[in-house]
Amino acid sequence: MIRTIGRRVIFLPSSLISLLFVSGSVFGIEPPSPPVYGVRMEQAWIPMKDGVRLAATLYMPDGAKAGEKFPALLEYLPYRKDDGTAAGDYPKHAYFARRGYVSVRVDIRGFGASEGAPPEREYSEQEQVDGEQVIWWLAHQGWSNGNVGMFGISWGGFNSLQMAMRHAPGLKAILAIDATAELFHDDVHYVDGIAHIDEFELNMDMAEGWTGAPDYTTDEKVLGPRFETPPWSLLYLKHQHDGPFWREPVRPLKAITIPSFLIGGLLDGYRDNVTDMLMQASGPVKAIVGPWNHTYPNEAEPGPQIEWRNDAVRWFDHWLKGRDTGVELDPRLVIYMQHWHAPDPSLENVPGEWRREDVWPPKDARASTLFFQPNHSLAESASQVDTHQLKYVPSIGVEAGFWWGELLSDVRPVDAFSLVYDSAPLQEDVAILGRPHALLRASATAPLADWFARLSDVAPDGTVTQITGAGINGAQRDSMSEPRDLEPGKVYPLNIEMHLTSWVFPKGHRIRVAISNALWPMMLPTPYSMTTALELGGSAGSRIVLPVVPEHGVVPPAFSPPEPSEERTDLKSEGFPWPGEWTVERDEARHKTTVHWKGKESGAYPWGKEIDYENLTYDADDAHPETCSVRGEAETVFTLKGRTLTWRGHLLVTTDQKNFYYKYTRELLRDGAMVKSKTWLETIARDHQ
C-alpha cells in the first residue's frame with residue numbers, strides 16, 4: 001500500500017494498515033460519523049421538467065443545529081417505497097440519517113407513489129434523465145451541502161452505475177451492491193446471452209399495472225396509463241442478441257470517474273461486474289465480495305454475515321463530508337476464499353477466509369491448464385487426438401440452479417448427461433481465484449447449439465459440489481450482436497469464460513469439468529435434436545484454464561459483525577419469493593420433464609394487508625426440443641378498509657422451431673369482480689435463440 005504525503009511516498013505494510021483502522025490516530029484518520037441524530041421521516045415531491053412529480057421519502061437527521069448542512073444519499077427504485085420495500089428501507093436509511101445524512105428513497109416515474117406512466121423499459125432514457133433531475137434537486141435543497149451519493153442493491157446498484165456513467169452533476173460517490181452494467185450478457189433476461197425467464201418477469205410485468213399506497217386508486221387517469229403499459233418481458237423477447245437496445249442505457253465502465261464502492265456475492269449472478277470495475281473504471285474503486293447470494297451482507301444466507309453500513313458511512317464520509325476516514329488506505333478488494341463444503345442448499349455458513357487483493361488479476365495468480373483426455377480425465381499434458389460425442393438432452397440442468405451461483409444439491413444428475421472430465425486425486429490443496437476459462441473445440445449437427453461448462457469439486461465419497469460455470473450461445477461465438485448459424489459438422493473454437501469464483505480444492509479431491517448443451521430451466525433449450533462433439537488433442541485441444549493462487553493470501557482488516565437494525569413497528573413483512581420452492585417431475589415414457597416453482601410473501605401496513613403468490617411451470621420435451629414452455633401466474637391481494645383489490649398476471653411463452661409464442665394477461669379485480677383486463681398476444685421469430 002502506498003500513501004503519499006507531500007512529496008514523500010510511504011509504503012505501509014498490511015499490519016500497520018490494520019492498526020490504522022483500529023486506532024484512527026495516524027495521518028489524521030478520523031472515525032466514521034457517530035449516530036448522534038434522531039430520525040425524522042418527511043414525504044416530498046420532486047418536480048420533473050415535464051411537470052411529473054416523483055415521490056420521495058426523506059429520512060432526515062433529527063436534532064440538527066440551525067443552518068447545519070448534510071449530504072444526500074439516494075436510493076432510486078421502482079419497487080414502491082410505501083409498501084413493497086418500506087420495511088426493509090427503514091433499517092438502511094435510518095442508519096445513515098442518524099449519522100448525518102439525508103437518506104432519500106425515490107420511486108421512479110410510474111411506480112408506487114410517483115406520478116406518470118411507467119417507462120417503456122428498465123433503465124430507460126426517461127428514468128435516467130429523471131434521475132439526474134432528482135440528484136440536482138437534492139444538491140440544491142436548503143439542508144444540502146451540495147454533495148450527493150447513490151447506493152442500492154440490484155436495480156438501485158444498476159442505476160447508481162448508470163448515473164455515474166452519465167456524470168450527473170452533484171453525484172460525488174456511489175455504493176453499488178449486486179449490480180452490473182452488462183445488460184444483455186449478465187442481467188436476468190438473457191444469461192450468458194441465452195434466453196432466461198424467471199420470477200422477476202412475473203413480478204415486474206404485473207407491478208407495472210399497480211397504483212400506489214395507501215389509497216391504491218382505481219381512478220382511470222392514474223390507473224389507465226399504468227395498466228395499459230405493455231409488459232416488459234414482451235419487449236425483451238424481441239431483442240434476442242446484443243446491440244443498441246441493450247447498450248443505449250450504459251456507457252463503458254471507464255466512463256465512471258467518481259469513487260465507486262462495490263459489494264458482490266460469489267453466489268450472485270451479477271458478481272463479474274466487480275472485477276470488471278477494478279480493471280476498467282477510471283475513478284477510485286473499493287470492493288468486497290463475500291460468499292453471498294443476491295442480498296445485503298448483514299442479512300446474508302449463507303454467511304458469514306458482516307456489517308456493511310458502517311463501511312458505507314466511512315466511504316461516504318470521505319467523499320461527501322470531506323472527512324479523512326482512511327478509505328484510500330483500504331484494500332482495493334477484499335474477497336472470501338471459499339473452502340470445500342458438501343453440496344447443501346441449507347448451508348448456514350460457507351467455510352473459508354477473507355483475503356485482500358490490491359491489484360486485479362491477483363499479482364500471484366498463474367494460469368494452470370488441464371487438458372481433456374480420451375479416458376475422460378484431466379491432465380497437464382496435451383492429449384492424443386480424439387473426439388467425444390454427446391447427445392443433446394434439452395431437459396437437463398435443474399440441479400445446477402436457476403442462475404449461476406446459489407447453493408445447490410449434488411449435481412451428479414446433470415453430470416450424468418454431460419461430458420465429464422476428472423483430474424486425478426490432488427496431491428496437495430489447490431486454490432483458485434478469478435474466472436476459469438473452458439477453451440473448447442466443438443461442433444454440432446444442427447445450425448444452433450449452446451454449450452455449458454461447469455466446474456465442480458468431487459469429494460472422495462463421490463459427492464459433487466458445483467463451484468461455477470458459464471454458457472455460450474454457439475451463434476454468438478464471434479459476436480454477441482451479430483449471431484450466425486453454425487455450419488453443421490464444422491469445428492469451432494469456443495472460449496467460455498466462467499463466472500467469478502474462489503475455491504480451495506482439498507488434497508485427495510478431484511477437479512471436475514462437465515460440458516453439456518442444455519442447462520434448463522435456467523436457459524431455454526435450443527430447438528434442434530442433435531449430437532455435439534468435442535475435439536481433443538494437441539495444445540489447442542479442449543481444455544480448462546484455472547486461475548491458481550496461493551492458498552492463503554494477505555489477511556485484511558477484520559469486518560464488524562452485523563449491528564442490530566432498527567425496525568418500523570407499524571409494518572410487518574414475511575417471506576420473499578426467491579429462492580422459493582421447486583420440484584421436478586420426469587415422465588420417462590414420454591421423454592417429458594416439468595419443473596414447478598412457487599413463492600409467497602406478505603406484508604401488513606397501517607392501511608391493510610398484502611399477500612403475494614407466484615408460481616412458474618417449465619415444460620421440456622426431450623424428443624421434441626423445439627417445443628418448450630414457461631407458464632407463470634402471479635397474484636397480489638390488497639385487503640383494505642371496505643374493499644379488496646387483486647392484481648393478477650398470467651404469462652405463457654411457448655415455442656416451436658421458428659417462433660416464440662407470447663401471451664400475457666394483466667387483470668385487476670375489486671371484491672372479486674373484474675375491473676380491468678388486458679391481453680398481449682404476439683408471435684416473435686426466434687433469432688438464434
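In the block above lies the structure referred to throughout.
Structural notes, computed from the coordinates. Predicted, not measured: the structure shown is a model, and the values here were computed from it.

### Let's talk about unusual backbone geometry
Consideration 1: Looking along the chain, the bond that leaves Glu301 and enters Pro302 is cis, with omega of 10 degrees.
Consideration 2: With respect to the helices, strands and loops of the structure, Pro302 is situated in the loop between β12 (285-290) and α10 (309-321).
Consideration 3: Here the bond from Gly303 into Pro304 is cis, since omega is 15 degrees, no more than 30 degrees from zero.
Consideration 4: The phi dihedral of Ser154 falls on the positive side, at around 60 degrees, and the residue is not glycine.
Consideration 5: The residue Ser154 is located in the loop between β7 (144-153) and α4 (155-165) in this model.
Consideration 6: Positive phi values are uncommon outside glycine, yet Asp192 reaches one of about 60 degrees.
Consideration 7: Assignment of secondary structure puts Asp192 in the loop between β9 (190-191) and β10 (194-195).

### Re the pairing of strand β11 (residues 260-265)
Consideration 1: When you tally the buried positions in β11, you get 6 out of 6 residues, the bulk of the element.
Consideration 2: Side chains Ser260, Leu262 and Gly264 of β11 all project onto a buried face; the interleaved residues Phe261, Ile263 and Gly265 project onto the opposite face, where all are buried too.
Consideration 3: The pairing of strand β8 (residues 171-177) with β11 spans 4 bridges and is classified as parallel. By the bridge assignment, Leu175 is partnered in β11 with Phe261.
Consideration 4: Of the strand pairs in this sheet, β11 and β12 are connected by 6 bridges, and their pairing is parallel. By the bridge assignment, Gly264 is partnered in β12 with Val289.

### A word on the packing of aromatic side chains
Consideration 1: Counted by the stated rule, this structure contains 33 aromatic pairs.
Consideration 2: Between Phe261 and Trp315, the ring centres sit 5.6 Å apart and the planes meet at 55 degrees, which makes this aromatic pair tilted. Here the residue Phe261 occupies a position in strand β11, and Trp315 occupies one in helix α10, the gap between them amounting to 54 residues.
Consideration 3: Relative to Trp354, the ring of Trp292 lies with its centre 5.9 Å away and its plane at 55 degrees, an arrangement referred to as tilted. Residue Trp292 is located in the loop between β12 and α10, and its partner Trp354 is located in strand β14 (residues 352-357); the two are separated by 62 residues in the primary sequence. The pair formed by Trp292 and Trp354 is uniform in burial state, with each residue classed as buried.

### With respect to the sheet that holds strand β18 (residues 419-422)
Consideration 1: In space, the 4 strands of this open sheet follow the order β18-β25-β21-β22, with antiparallel pairing throughout. What marks the edges here is a single partner per strand, and that holds for β18 and β22 (464-473). Across the sheet, the axes of successive neighbouring strands diverge by a mean angle of 15 degrees, strand direction being ignored.
Consideration 2: Sheet analysis places strand β21 (residues 450-458) next to strand β25 (residues 510-516), joined by 7 bridges and oriented antiparallel. For Val458, the partnering residue across the bridge sits in β25 and is Arg510.

### Quick look at α4
Consideration 1: Taken across its 11 residues, α4 has 11 buried, putting it largely inside the fold.
Consideration 2: Within α4 the residues assigned to the buried category are Trp155, Gly156, Gly157, Phe158, Asn159, Ser160, Leu161, Gln162, Met163, Ala164 and Met165.
Consideration 3: A positive backbone phi angle near 55 degrees is found at His167, which sits one or two residues after α4.

### Points about the pattern of salt bridges
Consideration 1: One pass over the structure, following the stated rule, counts 47 salt bridges.
Consideration 2: Note that Arg412 and Asp410 form a salt bridge whose closest N and O atoms lie 3.0 Å from each other.
Consideration 3: Each of the salt bridges in this network shares a partner with another, and the network as a whole consists of Glu30, Asp317, Lys321 and Arg323.

### Thoughts on helix α6 (residues 220-227)
Consideration 1: When α6 is considered as a whole, its buried residues turn out to be Leu223, Gly224, Arg226 and Phe227.
Consideration 2: For α6, the capping residue at the N-terminal end is Asp219, with a side-chain oxygen 2.8 Å from the backbone nitrogen of Lys221.

### Regarding the pairing of strand β34 (residues 659-670)
Consideration 1: By the criterion of burial, β34 is predominantly enclosed, with 9 of the 12 residues buried.
Consideration 2: As defined by bridge partners, strand β33 (residues 643-655) adjoins β34 across 11 bridges and the pair is classed as antiparallel. Within the sheet, the bridge partner assigned to Val653 lies in β34 and is Tyr662.
Consideration 3: Between β33 and β34, which pair antiparallel and follow one another directly, the connecting turn spans 3 residues.
Consideration 4: The pairing of β34 with strand β35 (residues 673-685) spans 12 bridges and is antiparallel. Directly across from Lys663, in β35, lies its bridge partner Leu681.

### Regarding the nonpolar core
Consideration 1: Leu74, Val106, Leu138, Trp647 and Tyr662 are the most contacted members of the largest nonpolar core, which totals 109 residues.
Consideration 2: Looking at this core, the element that brings in the most residues is α4, giving 6 residues.
Consideration 3: Setting aside anything within four residues of it in sequence, one finds Leu138 in contact with Ala72, Leu74, Val104, Trp143, Ser144 and Val148.
Consideration 4: Grouped together as the second largest cluster of nonpolar side chains are 50 residues, Ile432, Val513, Met523 and Ile544 included.

### Some thoughts on the sheet that holds β7
Strands in a sheet are paired, the pairing made by backbone hydrogen bonds, and the direction either parallel or antiparallel.
Consideration 1: Spatial strand order, β3-β4-β6-β5-β7-β8-β11-β12-β13-β14: 10 strands in an open sheet with mixed pairing. The open sheet has two free edges, formed respectively by β3 (38-47) and β14, since each of these has just one partner strand. Across the sheet, the axes of successive neighbouring strands diverge by a mean angle of 20 degrees, strand direction being ignored.

### Side note on the environment of Tyr90
Consideration 1: Among the structural elements, Tyr90 can be located in helix α2 (residues 86-97).
Consideration 2: Taking the C-alpha atoms as reference points, Tyr90 and Ala673, 583 residues apart in sequence, are found 35 Å from one another.
Consideration 3: Apart from residues no more than four positions distant in its own chain, Tyr90 is found in contact with Val39, Met41, Tyr59, Tyr95, Glu566, Glu567 and Arg568.

Criteria and cut-off values
- Residues numbered from 1 in each chain as written.
- Predicted model: local features only at pLDDT ≥ 70, side-chain atom pairs only at ≥ 80, totals over all residues.
- Heavy atoms only, no water.
- Helix = DSSP H or I, 4+ residues; strand = E, 2+ residues; numbered from the N terminus.
- Buried < 20%, exposed > 50% of the residue type's maximum accessible area, 1.4 Å probe, protein only.
- Pairing = 2+ DSSP bridges.
- Phe/Tyr/Trp six-rings, centres within 6.5 Å; stacked < 30°, edge-to-face > 60°.
- Axes fitted to C-alpha atoms, helices over the stretch in contact; angles between N-to-C directions.
- Salt bridge = Lys/Arg side-chain N within 4 Å of Asp/Glu carboxyl O.
- Polar contact = N/O pair within 3.5 Å; in protein donor to acceptor, adjacent residues only side chain to side chain.
- Core = buried A, V, L, I, M, F, W, Y, C linked by side-chain atoms within 4.5 Å.
- Contact = heavy atoms within 4.5 Å.

Distances and angles like these do not, on their own, reveal function.
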